[in-house]
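Single-letter residue listing:
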Amino acid sequence: MNIQLVDLKAQYDGIKPEIDAAMAQVIAKTAFIGGPFAQEFEKAFAAFCGAKHCIGVGNGTDALFIALKAFGVGAGDEVITVANSFIATSEAITMAGAQVVFVDINPQTYNIDVSKIEAKVTPKTRAIIPVHLYGQPADMDPILGIARRHHLKVLEDCAQAHGAAYKGRKTGSIGDMACFSFYPGKNLGAYGDAGAMVTSSDDLAVKARMFANHGRIDKYNHEQEGVNSRLDGIQGAVLNVKLKHLDEWTEKRRRNAYLYNKHLQGIANLATPSEIDDVKAVYHLYVIRVKADLRQGLQDHLKKNGIATGIHYPIALPNLIAYGYLKHKESDFPESTAASLEILSLPMYPELEPSQIEYISGKIREFFAASGI
């Protein structure tokens, strides 16, 4: 058996006629940059998120950077974010000219530990970026409370959380702005790079759209310098097709997660994902946790049996060479550091069959049985 970590070919095979027709329409109308297909997606995705505006851009990293610029974040400012994420989250803060300030994680959810945020707030703090990592919503109410007390903006990083919900609110509709990546492997993925910002603020939407399009309000009327980051027509058309299937795909991911939980139940020294109360997680990744001295052996065993795995992420952000200038020690973020040594991502996608999950789980049990644990 050969089970990939993500299988985009299986997804394409299921919607091939719709995708091919949508791409052909873009080509026939030569609507390659922006245009009706990108605009249609922006309107549909804003409605999906429960927000007023969606601004399509070139990728998820650009979305974070442009949103921070719309907030007015720049040199001398600080932005708080979580120590366990992909570098795009912290990278965007530095791109905007601000200082990144890391907060450790809650070890049960791998999301930002809300009890540790307020201690990191200073007079220079301008915003907080919670990440809904692995498709598990961060605990937003305490974050919003801290932001209100200190007059901060909240920017949701929803790159892995398309369609997730927190206390009845869709991710993307909770903070001042939210950013999405449509990298092909995401729950809602394009056929190339693409991203978007969503917001219900008219003012922030205007600022973000202008900055993303060379700082202009029409073709040659530039109110400021900006950047060139736009959603192209092909990606808009592809995303329009896929958005119609996203709710169904989400339910299949959730079904698969619960099947994993059932089959992996009771294995000593193995932890399955946890959801906080009153959330809907969308399982972009299904991440288990094992002892550090067992992880490589388990990966090797699964690989030998045709099962791909991943590690998201093997080095906590403050421990990367890129952030050596911040002079952090691994002990400054003990939970993020420990998780980076123990987490393991198993195959997760809507087309994954129950029999495949049973096979994967069986091989995991086989490994632990052989290890005498």
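Everything here concerns the structure above.
Residues numbered from 1 in each chain as written. Predicted model: local features only at pLDDT ≥ 70, side-chain atom pairs only at ≥ 80, totals over all residues. Heavy atoms only, no water.

Chemist: What should I look at first to understand a nonpolar patch on the surface in this one?
Modeler: A surface patch of nonpolar side chains, amounting to about 300 Å² of accessible area, comprises Ile-27, Phe-32 and Ile-33. Among the secondary structure elements, Ile-33 is positioned in the loop between α1 (8-29) and α2 (35-49). (Patch = residues over 30% accessible without salt bridge, like charges linked within 9 Å, V, L, I, M, F, W, Y side chains within 5 Å. Areas by Shrake-Rupley, 256 points an atom, 1.4 Å probe, with all protein chains shown as cover. Salt bridge = Lys/Arg side-chain N within 4 Å of Asp/Glu carboxyl O. Helix = DSSP H or I, 4+ residues; strand = E, 2+ residues; numbered from the N terminus.)

Chemist: Can you help me understand the side chain of Lys-363 in this one?
Modeler: The residue Lys-363 is located in helix α11 (residues 354-370) in this model. Those residues in contact with Lys-363 that sit more than four places away from it in its chain are His-301, Leu-302, Asn-305 and Ile-307. (Contact = heavy atoms within 4.5 Å.)

Chemist: Looking at this structure, how should I read the packing of aromatic side chains?
Modeler: The description of two aromatic rings rests on the distance between their centres and on the angle between their planes. Overall, the coordinates contain 16 aromatic pairs when judged by the stated rule. With a centroid separation of 5.4 Å and 20 degrees between ring planes, the pair formed by Phe-41 and Phe-45 is classed as stacked. Of the two residues, Phe-41 and Phe-45 are both situated in helix α2; the distance of 4 residues between them amounts to about one turn of the helix. Phe-41 sits in the buried class, given a relative accessible area of 0%. Aromatic side chains Phe-45 and Phe-182 sit 5.4 Å apart centroid to centroid with 85 degrees between the ring planes, which places their arrangement in the edge-to-face category. Highlighted residues: Phe-45 in helix α2 and Phe-182 in the loop between β8 (177-181) and β9 (195-199), separated in sequence by 137 residues. Against the face of Phe-48 rests Lys-170, its NZ or CZ located 3.8 Å from the ring centre. (Phe/Tyr/Trp six-rings, centres within 6.5 Å; stacked < 30°, edge-to-face > 60°. Buried < 20%, exposed > 50% of the residue type's maximum accessible area, 1.4 Å probe, protein only. Lys NZ or Arg CZ within 6 Å of the ring centre and 35° of its normal.)

Chemist: Any chance you could explain the sheet that holds strand β13 (residues 279-280) here in plain terms?
Modeler: Either a parallel or an antiparallel arrangement is found when strands of a sheet pair, and the pairing is made through backbone hydrogen bonds. An order of β7-β6-β13 is seen for the 3 strands of this open sheet, with the pairing classed as antiparallel. Lying at the two open borders of the sheet, with one neighbouring strand each, are β7 (169-170) and β13. In this sheet, β13 lies alongside strand β6 (residues 165-166) in antiparallel orientation, the contact comprising 2 bridges. Looking at β13, one finds that Tyr-166 is bridged to Val-279. (Pairing = 2+ DSSP bridges.)

Chemist: Help me understand unusual backbone geometry in this model?
Modeler: It is generally the case that most residues other than glycine have a negative phi and that most peptide bonds are trans. With an omega of 25 degrees, the peptide bond running from His-312 to Tyr-313 counts as cis. Structurally, Tyr-313 is set in the loop between α9 (292-304) and α10 (334-342). If you check the backbone angles, Tyr-110 has positive phi at about 70 degrees while not being a glycine. Topologically, Tyr-110 is positioned in the loop between β3 (99-103) and β4 (125-129). According to the relative accessible area criterion, Tyr-110 is buried, its value standing at 6%. With phi around 50 degrees, Lys-167 is a residue other than glycine that occupies positive phi space.

Chemist: What exactly am I supposed to notice about the sheet that holds strand β14 (residues 286-290) here?
Modeler: Spatially, β12-β14-β15 is the arrangement adopted by the 3 strands of the open sheet, whose pairing is antiparallel. Strands with a single pairing partner mark the edges of an open sheet, and in this sheet they are β12 (270-271) and β15 (343-346). The sheet contact formed by β14 and β15 spans 4 bridges and is antiparallel. Each residue of the ladder has a partner; that of Tyr-286, found in β15, is Leu-346. Where α10 meets the sheet, it contacts β14 and β15, and its direction lies at approximately 95 degrees from that of β14. (Axes fitted to C-alpha atoms, helices over the stretch in contact; angles between N-to-C directions.)

Chemist: Which parts of the structure should I look at to understand the environment of Ala-96?
Modeler: As for its placement among the helices and strands, Ala-96 is situated in the loop between α4 (87-95) and β3. In the structure, Ala-96 is positioned 43 residues away from Asp-139 in sequence and 26 Å away in space, judged by C-alpha atoms. In contact with Ala-96, not counting residues within four places along its chain, are Phe-65, Leu-68, Lys-69, Val-73, Gly-74 and Ala-75.

Chemist: Would you explain α10 in this entry?
Modeler: Three or four residues apart is the spacing at which side chains of an α-helix point the same way, because the helix has 3.6 residues per turn. Of all the residues in α10, the buried ones are Ser-336, Thr-337, Ala-339 and Ser-340. Taken end-on, α10 shows its buried residues confined to a sector of 165 degrees, consistent with a single buried face. In this structure, the buried side of α10 is in contact with β14, α9 and β15. (Arc of directions from axis to C-beta.)

Chemist: What's the story with the packing of α9 against α11 in this structure? I'm lost.
Modeler: Think of two packed helices as two axes; the pair is described by the angle between the axes and how far apart they sit. Where α9 contacts α11, the two axes come as close as 10 Å, and the packing angle between them is 130 degrees. On the basis of the axis angle, α9 is oblique to α11. Taken as a pair, α9 and α11 cross one another with a handedness that is right-handed. Contact residues: α9 offers Leu-294, Gly-297, Leu-298, His-301 and Leu-302, while α11 offers Ile-360, Lys-363, Ile-364, Glu-366, Phe-367 and Phe-368. Class assignment of the residues belonging to the contact of α9 with α11 gives a composition of 7 nonpolar, 2 polar and 2 charged. (Parallel < 35°, antiparallel > 145°, perpendicular 65-115°, else oblique. Left-handed = near helix turned anticlockwise from the far one by under 90°. Nonpolar A, V, L, I, M, F, W, Y, C, P; charged D, E, K, R; others polar.)

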